[in-house]
2 protein chains.
Amino acid sequence: MFHKIKYVVIPKKSKIEYRACNQFDMTSSTLFTKILQGEIPCDEVYSDEFCLAFRDINPQAPTHILIIPRKPIESLCKVEQEDKALLGHLLLVTQKVANQEGLTQWRTVINTGAEAGQTIFHLHLHVIGGRHQSWPPG
Amino acid sequence: MFHKIKYVVIPKKSKIEYRACNQFDMTSSTLFTKILQGEIPCDEVYSDEFCLAFRDINPQAPTHILIIPRKPIESLCKVEQEDKALLGHLLLVTQKVANQEGLTQWRTVINTGAEAGQTIFHLHLHVIGGRHQSWPPG
């Protein structure tokens, strides 16, 4: 039966893009897991025992930083009561990294699910600043 | 000296719009304070001892809900370590209200400062969903 492995179907991009969070395979290793494990480099701006912050490789403003928890949580769709302190910490870190960048004004964005723009299924907070930001937010 | 009160200067809108968070007057009563105090009605979707959630009066998507803490925090620029649990709770509530709306995919947005789109200087989280959301987020 091994020959069938050659015909594994690669999901089309559209299927990946439109998956909802409840379709996530928790065994998947995301790009962010690899960054946390040091397998892929990042432009780090802040790190502590709970999270890592680094510059987005495709910045949408003069400052565009991602903050990710070290705990592999897929998205806000999967957080639980026990994650409350961690989530609060992540929002406190938005202030910390914004201040490091000399910003007192910034937009924090968290995409949950592909329809909302989530492309990597490891929870991440976008800290975007350094320019005027329009409304609606996407 | 009382007659001088008649000549109180009302700040121009432009000055309000472009103020950074460090210029905030903490004695100001915002629209959200009035909603929390029941002086102004809202289309409530969730309430607990720490926060209130209601529909945005100017929705940008089929679902557009605001979550505000009962504690009068101006913005993420002014949060402190002691607010960690509250902030975590607010993110947990994004999931709760999204689920109430039948959503598993949504965008959470927090504007800090007028340049980032903050118009009411009482911390609030936007929960936006029910349609595809583009990038960049404003």
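Scoring rules and cut-offs
- Residues numbered from 1 in each chain as written.
- Chains lettered and ligands numbered in written order.
- Predicted model: local features only at pLDDT ≥ 70, side-chain atom pairs only at ≥ 80, totals over all residues.
- Heavy atoms only, no water.
- Least-squares fit on C-alpha atoms with pLDDT ≥ 70 in both.
- Contact = heavy atoms within 4.5 Å.
- Core = buried A, V, L, I, M, F, W, Y, C linked by side-chain atoms within 4.5 Å.
- Buried < 20%, exposed > 50% of the residue type's maximum accessible area, 1.4 Å probe, protein only.
- Helix = DSSP H or I, 4+ residues; strand = E, 2+ residues; numbered from the N terminus.
- pLDDT = per-residue confidence, 0-100.
- Buried area = accessible area lost by both parts, 1.4 Å probe.
- Salt bridge = Lys/Arg side-chain N within 4 Å of Asp/Glu carboxyl O.
- Polar contact = N/O pair within 3.5 Å; in protein donor to acceptor, adjacent residues only side chain to side chain.
- Nonpolar A, V, L, I, M, F, W, Y, C, P; charged D, E, K, R; others polar.
- Pairing = 2+ DSSP bridges.
- Expected span 1.5 Å × (residues − 1).
- Axes fitted to C-alpha atoms, helices over the stretch in contact; angles between N-to-C directions.
- Parallel < 35°, antiparallel > 145°, perpendicular 65-115°, else oblique.

**Some thoughts on the relation of the copies chain B and chain A**
Superposing chain B onto chain A requires a rotation of 180° together with a translation of 0.0 Å along the rotation axis, leaving an RMSD of 0.0 Å. Taken together, these values place the two copies in the relation of a two-fold axis. Most of the interface of chain B is mirrored in chain A, where 100% of its interface residues again form contacts.

**As for the nonpolar core**
One recurring pattern in soluble globular proteins is that nonpolar side chains are buried together. Counting residues in hydrophobic clusters, the biggest one holds 48 residues, and the most contacted among them are Ile67(A), Val97(A), Ile67(B) and Val97(B). The residues contacting Val97(B), other than those within four sequence positions of it, are Val45(B), Tyr46(B), Ala53(B), Ile65(B), Ile67(B) and Val127(B).

**Let's talk about the environment of Leu92(B)**
Here Leu92(B) shows up in helix H3 (residues 84-100). In sequence terms Leu92(B) and Thr112(B) are 20 residues apart; their C-alpha atoms lie 20 Å from each other.

**Some thoughts on the confidence of the model for chain A**
One rule of thumb: low pLDDT means the predicted coordinates there are not for detailed reading. Residue and element names in this part refer to chain A. The pLDDT averaged across chain A works out to 86; a share of 80% of its residues lies at or above 70. Predicted confidence for residues 1-19 stays below pLDDT 50, and this span has twelve contacts to residues more than four positions away or in other chains. Of the regions scoring below 50 in pLDDT, residues 21-27 engages in 14 contacts with residues more than four places distant in sequence or in other chains. Note on the complex model: pTM 0.84, ipTM 0.83.

**With respect to the interface of chain B and chain A**
Contacts between the two partners involve 47 residues from chain B and, on the opposite side, 47 residues from chain A. Interface area for chain B against chain A, summed over the two sides, is near 4,200 Å², with a carbon-plus-sulfur share of 58%. The largest share of the area that chain B buries against chain A comes from Gln105(B), Glu115(B) and Trp135(B), three residues that together contribute 17% of it. On the surface where chain B and chain A come into contact, there are zero salt bridges. Applying the counting rule to chain B against chain A returns 24 residue pairs in polar contact (both at pLDDT 80 or more). It is H3(B) that provides the largest number of residues to the side of chain B that touches chain A, a total of nine residues. Within the side of chain B that touches chain A, the residues separate by chemical class into 19 nonpolar, 21 polar and seven charged. As paired strands, strand E4 (residues 106-112) of chain A and strand E4 (residues 106-112) of chain B are joined by seven bridges and run antiparallel to one another. Note that in E4(B) the partner of Arg107(A) across the bridge is Asn111(B).

**A few points about helix H3 (residues 84-100) of chain A**
All names here are of chain A. Along its 17 residues, H3 runs 25 Å from first to last C-alpha, staying within 8% of the 24 Å computed at 1.5 Å per residue. A large share of H3 lies buried, amounting to twelve of its 17 residues. Restricting attention to buried positions, one finds in H3 the residues Leu86, Leu87, Gly88, His89, Leu90, Leu91, Leu92, Val93, Thr94, Gln95, Val97 and Ala98. Just downstream of H3, Gly102 is the residue with a positive phi angle, here 80°.

**Quick look at the pattern of salt bridges**
Residue and element names in this part refer to chain B. Scanning all chains against the criterion turns up ten salt bridges over all chains. Between Lys71 and Asp83 there is a salt bridge whose closest N-O contact spans 2.5 Å. Of this pair, Lys71 sits in the loop between strand E3 (63-69) and H3 while Asp83 is found in the loop between E3 and H3, placing the two residues twelve residues apart along the sequence. Classification of Asp83 by relative accessible area gives buried; the value is 4%. Linking Glu74 and Lys78 is a salt bridge whose minimum nitrogen-to-oxygen distance equals 3.0 Å.

**Describing the packing of H3(A) against H3(B)**
Relative to each other, H3(A) and H3(B) sit at 105°, their axes nearing to 7 Å. In terms of axis orientation, H3(A) runs roughly perpendicular to H3(B). For the pair formed by H3(A) and H3(B), the contact residues are Lys84(A), Ala85(A), Leu87(A), Gly88(A), His89(A), Leu91(A) and Leu92(A) on the first element and Lys84(B), Ala85(B), Leu87(B), Gly88(B), His89(B), Leu91(B) and Leu92(B) on the second. Taken together, the residues that form the contact of H3(A) with H3(B) break down as eight nonpolar, four polar and two charged.

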